[in-house]
Amino acid sequence: MPNLRVTLLREQLAQSGGQAILVTNAVNRRYLSGFTGSSGVVLITADHAVLLTDFRYREQAPLQAQGFRVVEHGAEMNAAVAELLMEWKIDTLLFEDQDVTFAAYTVLGKKLPSVKLLPSQGIVEKLRMVKDDSELAIMQAAADLADKAFDHILGYIRPGVTEASIALELEVFMRSHGAASSSFETIVASGERSALPHGVASSRIIERDEFVKLDYGAYYQGYCSDITRTVVVGKPSDKHREIYEIVREAQQYALDHLVPGMTGKEGDALTRDIITRYGYGEYFGHGTGHGLGMEIHEAPRLSLTGNVVMTPGMTVTVEPGIYLPGFGGVRIEDDIVFTDTGIRILTHSPKQLIVLD
Ligand code: ZN
Ligand code: ZN
């Protein structure tokens, strides 16, 4: 069965002028080969697709890496890579310059004195930006799991419980419903702490009349979901309501207007312009969204500097926020995928201001 991802990578390889590419990044290795082991590299040429790994994966690797020849390397993996390249008479090798350490680069250079090593940046990541139907089905399931967890946690949040216990409850719920883990360290930030955009859960006890901001996701079958909802425990003040409704309006406006063909920067402006118009621009200090998939943060980005043009199959978050130091903050985040004509929203948890008593 031809591996479409390998075929697409070969097209990129041909354009780059390299004869072979060594994929050392663990996520990229899994993306290309399906191999979930903890160690190994992928080597691709126009004619060869090889997964090199060690004896621990003697049985697992051939089962998972469809369309790959599996080579078991000895004590020195780079020696095995060098041997194959010599056998194939390769003289230019692309490597992933964001992943290969200087030490590994030096070893490769010594093992391959006649091979020209060419740094390459983000070749596989570029392919990973556009999800296929099988990936989107998994991401939808990961998003569904996050939605179910939100519904569950609403019954748990009350004055007197700690942020950490809310985070644990989310984790237990997601894992007992199929997630391998959380997709990142769960953020539960209450009261003044909700003004911290990335306030991971602390021992702080939830009080009355304050925000509780939850940002979490499920890591499911190799893919991430990522959702933020902000609720009020007790009675919301006018200020709570004001900034909540501005963030909600900005987020909804972006969901209504994001279309393929936009740049990341144009997507970012959809939320930023509204928050700025209400006078809170300086309190929205991060991008509108980020790509997500096998990693929680990946390309492309909806940000002030985002120059990637959105195309169907790209998955990003939409997560504007307002953070007022000393008071609190609001963020609302959904996961979306670009379609041929617009977007499809993956997360569906309610967004009207939820007040828990
Ligand atoms: Zn998030
Ligand atoms: Zn996010």
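To start, this report covers the structure provided alongside it. Predicted model only: the values in this text are computed from it and were never measured.

**Some details on the layout of surface pockets**
Consideration 1: Quantified by volume, the largest pocket comes out at close to 470 Å³.
Consideration 2: Around the largest pocket, the lining comprises 25 residues; the ones closest to its centre are Asn-3, Arg-5, Tyr-31, Asp-132 and Ser-134.
Consideration 3: Contributions of two or more residues to the lining of the largest pocket are made by α1 (4–16), α2 (26–33), α6 (123–129) and α7 (133–154).
Consideration 4: With 4 residues, α2 is the single largest residue contributor to the lining of the largest pocket.
Consideration 5: Its residues placed into classes, the lining of the largest pocket shows 11 nonpolar, 8 polar and 6 charged.
Consideration 6: Counting only domains with at least three residues in the lining of the largest pocket, you end up with domain 1 (4–128) and domain 2 (133–356).
Consideration 7: Computed from the structure, the second largest pocket encloses a volume of approximately 260 Å³.
Consideration 8: Forming the walls of the second largest pocket are 17 residues, and the residues nearest its centre are His-198, His-286, His-290, His-297 and Glu-319.
Consideration 9: Going through the elements one at a time, β13 (289–291) and β14 (298–302) are the ones with two or more residues in the lining of the second largest pocket.

**As for the packing of aromatic side chains**
How two aromatic rings sit relative to each other is given by the distance of their centres and the angle of their planes.
Consideration 1: Under the counting rule described, the total for this entry stands at 4 aromatic pairs.
Consideration 2: On the numbers, 5.1 Å between centres and 85° between planes, the contact of Phe-35 with Tyr-57 is edge-to-face. One end of the pair, Phe-35, is in the loop between α2 and β2 (41–45); the other, Tyr-57, is in the loop between β3 (49–53) and α3 (60–64), and 22 residues separate them in sequence.
Consideration 3: We classify Tyr-57 as buried; its relative accessible area is 12%.
Consideration 4: Seen in terms of ring centroids, Phe-211 and Phe-327 are 6.4 Å apart; in terms of plane orientation they differ by 85°. Their pairing is edge-to-face. Of the two residues, Phe-211 sits in strand β9 (residues 210–216) while Phe-327 sits in the loop between β16 (321–324) and β17 (328–331), which places them 116 residues apart along the sequence.
Consideration 5: Positioned over the ring face of Tyr-156 is Arg-158, at 5.7 Å from the centre of the ring.
Consideration 6: Above the face of the Phe-284 ring, Arg-272 is positioned so that its terminal group lies 4.2 Å from the ring centre.

**Quick notes on the side chain of Ser-194**
Consideration 1: Its location among the elements puts Ser-194 in the loop between β8 (187–190) and β9.
Consideration 2: A residue is classified by how much of its surface remains accessible, and Ser-194, at 0% relative accessible area, is buried.
Consideration 3: From its side chain, Ser-194 meets the backbone oxygen of Gly-191 in a polar contact 2.5 Å long.
Consideration 4: For Ser-194, the residues in contact, after removing those within four places along its chain, are Ala-189, Phe-211, Lys-213, Tyr-323, Gly-328 and Gly-329.

Thresholds applied
Residues numbered from 1 in each chain as written. Chains lettered and ligands numbered in written order. Predicted model: local features only at pLDDT ≥ 70, side-chain atom pairs only at ≥ 80, totals over all residues. Heavy atoms only, no water. 1 Å grid on protein atoms, 1.4 Å probe; cavity = no way out; pocket = protein on both sides within 12 Å on 5 of 7 lines; lining within 4 Å. Points joined across faces, edges and corners; volume = space filled by probe spheres on them. Helix = DSSP H or I, 4+ residues; strand = E, 2+ residues; numbered from the N terminus. Nonpolar A, V, L, I, M, F, W, Y, C, P; charged D, E, K, R; others polar. Domains from an automatic or database assignment. Phe/Tyr/Trp six-rings, centres within 6.5 Å; stacked < 30°, edge-to-face > 60°. Buried < 20%, exposed > 50% of the residue type's maximum accessible area, 1.4 Å probe, protein only. Lys NZ or Arg CZ within 6 Å of the ring centre and 35° of its normal. Polar contact = N/O pair within 3.5 Å; in protein donor to acceptor, adjacent residues only side chain to side chain. Contact = heavy atoms within 4.5 Å.

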